[in-house]
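Residue strings, one per chain:
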Amino acid sequence: MQQGASPVNSRDGRLSYMENGIWRGPLSPVRAAFWIIGLTCGGILAYTTRHYLNSDGMTYIEMADGFRNGNWSALVNLACSPAYPVVLAGFQALLNTDVLNELPLLKTANLLCFVAAMAAADLFVRLVVQEMRSARTPAEEPIDQPLLTALMCFCFLIVSLTWVRMRLVNPDMMVFFLFLLCMSIIFWIRKAPEPVFKYVLLGLTAGLGYLTKTYFLPYSLVLFAVAAGSSLPLKRSLPRVLWGVIVMAVVSAPLIAAISYRLERFSFGEVGRHAYTSVITAEGSPKFSPRVLLQQPLVLYYELNAECTDHRGFEVAHWSEGIRPSPAIGPLLRAVLAHVLEFLTHNLWFTLAVGFWIVTQLAVGGLKAGKLWPLPLPVALAIPAVAGIGMFSLVHLEPRYVAPFAFVGFAALLTWPTYPIGSVRKRSVGSLAGILLALCFLAVLIGSTVDQSMDGLRSTDRRLSYRDGFLEERAVADYLHQIGAAAGDVVAVVDSPPLYWGRMGRFKIKGEVPGPEEFFSAEPSGRTRVRRALAQAGVKALVGQGSAFNDLIREGWEKVPGTRAFFVLPIHTGPR
């Protein structure tokens, strides 16, 4: 026997060992499979989807550019937090990236965040399993530990790689890591709540969470509340929690001060207000608006005081500043119900599979939560999960936003069922349902890895692969240079085509024709007015995407060679 390890009899007569609070023995093969499958799928997806760029990804990359070049103010963005751009800046410097190779190379940052999230999930799962073991009673027992571990590990891989997704250039995977680290610290506190430094570490991690995504600031109240309800009486736990709150406040203060100074009012971030006013209800008028170059067809010109490519989307919350949430209960309730329904149906297989497992457990076993105070294990898991999902249901319940909470909520469900000691049939049925659910998770994970990889590598008649889409955008940048547009020149777009070509060519995308229907249905004279209005504003070219532009070739539009449906209208702002 290893020194410092204590034997604990397992159900099958073998010995498990706990050393420094880490389970070894029967759980090791499950955890090894978790790491092998996770690293394999994560590595494959990081490579095969390396050319993909999401709509807000360019903002994070250009914030990283500014920080790397010594412009710290570039990290103060009303909608995007600074921690992830700092990580990207480190990889930019380490890998010496440029605009032509940065997308594939910066996916290594996402892979690193995923590996960190895997480590946090591994730690979290072990702490949950340990607490379940210690809470076992002589009359009943929970789910088998290897099956429990497998279900939680595979659930993590599902929500991280198919909901959050490796290809997205955004901080969601980093947030997943920090959230699970916070939950692990809370369970560490539950084991031994006396040391103050654990609460300090929780405050530090929550503060880093806020610097990664601003919702962490209000949400941290939930984490501190669960930590306070762990095991100590409130009058002893609250002073310790207060230390964590103070540390988080210190970590968060510089960003809060910078945003508040810029807006001349208190603010810890504007993305929540922007999302609510865009999706639910709003009142007031925008403080900043684009310049209207032409009323019909509508042509807008955006001017943002920032070093960026897309002046429309770099600071989305800037253009909604002055618009306030409207206190309307009816629209809010309808939106919440719609968001929850959309979440449950977006991954319908997941809802049905977990629902089948729950029904099976109710049929063959019981549910046990324990005493109400200190918070029992299922409740300590359920509170952060429900609070997180509920918070996002108020604005926008996209699966990648709530993936961490869904994972912890699933862990809460796993800790609830119990089986009577000696009831072999009931335990067998419950275990069979769990095995089927684990196999379902594994099959979906493998299928999704294949599908996402095919999206990245193979083009079809209806859709370009991520790689071919990347090459098309490079062709657009090259073609704009060929027709006379230079780095730093202003260009405009019709509607919302992909925009990475603007960064490749170092252009400034400031003009927009936001209504494609109005633009295409207008008379040729109307489109001529659009061209003249853009020329007077100094715009060098108008870019659009879609087969409809084929009908405008006689009006001067040119199809970009090497692309399926990118078109450019050269605009001459001076003598030809």
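Residues numbered from 1 in each chain as written. Predicted model: local features only at pLDDT ≥ 70, side-chain atom pairs only at ≥ 80, totals over all residues. Heavy atoms only, no water.

Trainee: Explain the sheet that holds strand β15 (residues 566-570) to me, please; I cannot follow it from the model alone.
Mentor: Each strand in a sheet pairs with its neighbour through backbone hydrogen bonds, running either in the same direction (parallel) or in the opposite one (antiparallel). Strands sit in the order β6-β7-β12-β11-β13-β15-β14 across an open sheet of seven strands; the sheet is mixed. The sheet terminates laterally at β6 (291-294) and β14 (558-559), the two strands that pair on one side only. Relative to β15, strand β13 (residues 539-545) runs antiparallel, the two sharing five bridges. Of the residues in β15, the one forming a bridge with Gln 545 is Phe 566. Running at roughly 15° to β15, helix α16 (residues 466-482) makes contact with β13, β14 and β15 of the sheet. With respect to the sheet, helix α19 (residues 524-536) is in contact with β6, β7 (299-301), β11 (490-494), β12 (508-513), β13 and β15, its orientation differing from that of β6 by roughly 135°. (Pairing = 2+ DSSP bridges. Helix = DSSP H or I, 4+ residues; strand = E, 2+ residues; numbered from the N terminus. Contact = heavy atoms within 4.5 Å. Axes fitted to C-alpha atoms, helices over the stretch in contact; angles between N-to-C directions.)

Trainee: I keep staring at empty space enclosed by the protein and nothing clicks. Help me out?
Mentor: Left-over empty space is what a probe sized like a water molecule reveals as it rolls over the atoms. Using the criterion set out here, one finds four cavities of 30 Å³ or more in the structure. Computed from the structure, the largest cavity encloses a volume of approximately 50 Å³. Around the largest cavity, the lining residues are Asn 110, Val 164, Arg 165, Met 166, Leu 168, Asn 170, Asp 172 and Met 173. The residue inventory of the lining of the largest cavity, partitioned by class, reads four nonpolar, two polar and two charged. (1 Å grid on protein atoms, 1.4 Å probe; cavity = no way out; pocket = protein on both sides within 12 Å on 5 of 7 lines; lining within 4 Å. Points joined across faces, edges and corners; volume = space filled by probe spheres on them. Nonpolar A, V, L, I, M, F, W, Y, C, P; charged D, E, K, R; others polar.)

Trainee: Before we go on, may I ask you to explain the environment of Arg 458 in this structure?
Mentor: Here Arg 458 is to be found in the loop between α15 (424-457) and α16. On the accessibility criterion, Arg 458 (48% relative accessible area) is partly exposed. For the pair Arg 458 and Val 359, spaced 99 residues apart in the sequence, the C-alpha separation amounts to 41 Å. (Buried < 20%, exposed > 50% of the residue type's maximum accessible area, 1.4 Å probe, protein only.)

Trainee: Explain the side chain of Asn 54 to me, please; I cannot follow it from the model alone.
Mentor: Tracing the sequence through the fold places Asn 54 in the loop between α1 (28-48) and α2 (57-68). Accessibility expressed as a relative area gives 8% for Asn 54, which makes it buried. At 2.4 Å, the side chain of Asn 54 and the side chain of Asp 56 are in polar contact. Excluding residues that lie within four positions of it along the chain, Asn 54 makes contacts with Arg 167, Leu 168, Val 169 and Asn 170. (Polar contact = N/O pair within 3.5 Å; in protein donor to acceptor, adjacent residues only side chain to side chain.)

Trainee: Just checking my understanding: could you explain the packing of aromatic side chains for this structure?
Mentor: How two aromatic rings sit relative to each other is given by the distance of their centres and the angle of their planes. Tallying each qualifying case throughout the model produces 36 aromatic pairs. A centroid spacing of 6.0 Å and a plane angle of 65° characterise the contact between Phe 34 and Phe 156, whose relative ring orientation is edge-to-face. Here Phe 34 is found in helix α1, whereas its partner Phe 156 is found in helix α5 (residues 145-164), with 122 residues between them in sequence. Both residues of the pair, Phe 34 and Phe 156, count as buried. Measuring from ring centre to ring centre gives 4.7 Å for Phe 549 and Trp 557, while their planes differ by 45°; the resulting arrangement is tilted. Neither Phe 549 nor Trp 557 differs from the other in exposure class; each is buried. The structure contains a cluster of three or more aromatic residues connected by ring pairs, namely Phe 34, Trp 35, Phe 114, Phe 124, Phe 156, Phe 176, Phe 187 and Phe 407. Seen from the ring of Tyr 47, Arg 50 lies directly overhead, with NZ or CZ sitting 4.0 Å from the centre. It is Arg 167 that lies over the ring of Tyr 52; its NZ or CZ is 5.0 Å from the centre. (Phe/Tyr/Trp six-rings, centres within 6.5 Å; stacked < 30°, edge-to-face > 60°. Lys NZ or Arg CZ within 6 Å of the ring centre and 35° of its normal.)

Trainee: Is there a simple way to explain helix α7 (residues 196-212) in this structure?
Mentor: Each α-helix winds once per 3.6 residues, and so residues spaced three or four apart point in a common direction. Taking 1.5 Å as the rise per residue, α7 with 17 residues should run 24 Å; its terminal C-alpha atoms sit 25 Å apart, in good agreement. Along α7, the residues classified as buried are Lys 198, Tyr 199, Leu 202, Gly 203, Thr 205, Ala 206, Gly 207, Gly 209, Tyr 210, Leu 211 and Thr 212. Along its buried surface, α7 packs onto α3 (83-95), α6 (172-191), α8 (216-228) and α9 (234-263). (Expected span 1.5 Å × (residues − 1).)

Trainee: Can you help me understand the nonpolar core in this one?
Mentor: It is characteristic of soluble globular proteins that their nonpolar side chains tend to be buried jointly. Grouped together as the largest cluster of nonpolar side chains are 141 residues, with contacts concentrated most on Phe 124, Phe 156, Leu 381, Phe 407 and Trp 501. If you tally residues by element for this core, the top one is helix α4 (residues 102-134), at 15 residues. Dropping the residues within four chain positions of it, Phe 407 is found in contact with Phe 124, Val 125, Met 152, Cys 155, Phe 156, Val 159, Phe 176 and Leu 180. By size, the runner-up hydrophobic cluster in this structure holds 21 residues, among which are Val 494, Val 530, Leu 542 and Leu 552. (Core = buried A, V, L, I, M, F, W, Y, C linked by side-chain atoms within 4.5 Å.)

Trainee: It is not clear to me how unusual backbone geometry should be interpreted in this structure. Could you clarify?
Mentor: Geometrically, the link from Gln 296 to Pro 297 is a cis peptide bond, its omega value of -10° lying close to zero. Checked against the element boundaries, Pro 297 lands in the loop between β6 and β7. Of note in this structure, Arg 165 is not a glycine but carries a positive phi near 75°. In the Ramachandran plot, Glu 264 falls in the positive-phi region, its phi being about 60° despite a non-glycine side chain. Within the fold, Glu 264 resides in the loop between α9 and α10 (271-279). Owing to a relative accessible area of 71%, Glu 264 belongs among the exposed residues under this scheme.

Trainee: How should the pattern of salt bridges be read in this particular structure?
Mentor: Two side chains carrying opposite charge are able to pair once their charged atoms lie near each other. For the structure on display, the rule yields 26 salt bridges. Among the ionic pairs, Glu 270 bridges to Arg 265, the shortest N-O distance being 2.9 Å. Taking the relative accessible area as the measure of exposure, Glu 270 reaches 3% and is therefore buried. With a closest N to O distance of 2.7 Å, Arg 400 and Glu 398 form a salt bridge. For Arg 400, a relative accessible area of 11% translates into the label buried. When salt bridges with common partners are traced through the structure, they connect Arg 165, Asp 172, Lys 213, Glu 398 and Arg 400 into a single cluster. (Salt bridge = Lys/Arg side-chain N within 4 Å of Asp/Glu carboxyl O.)

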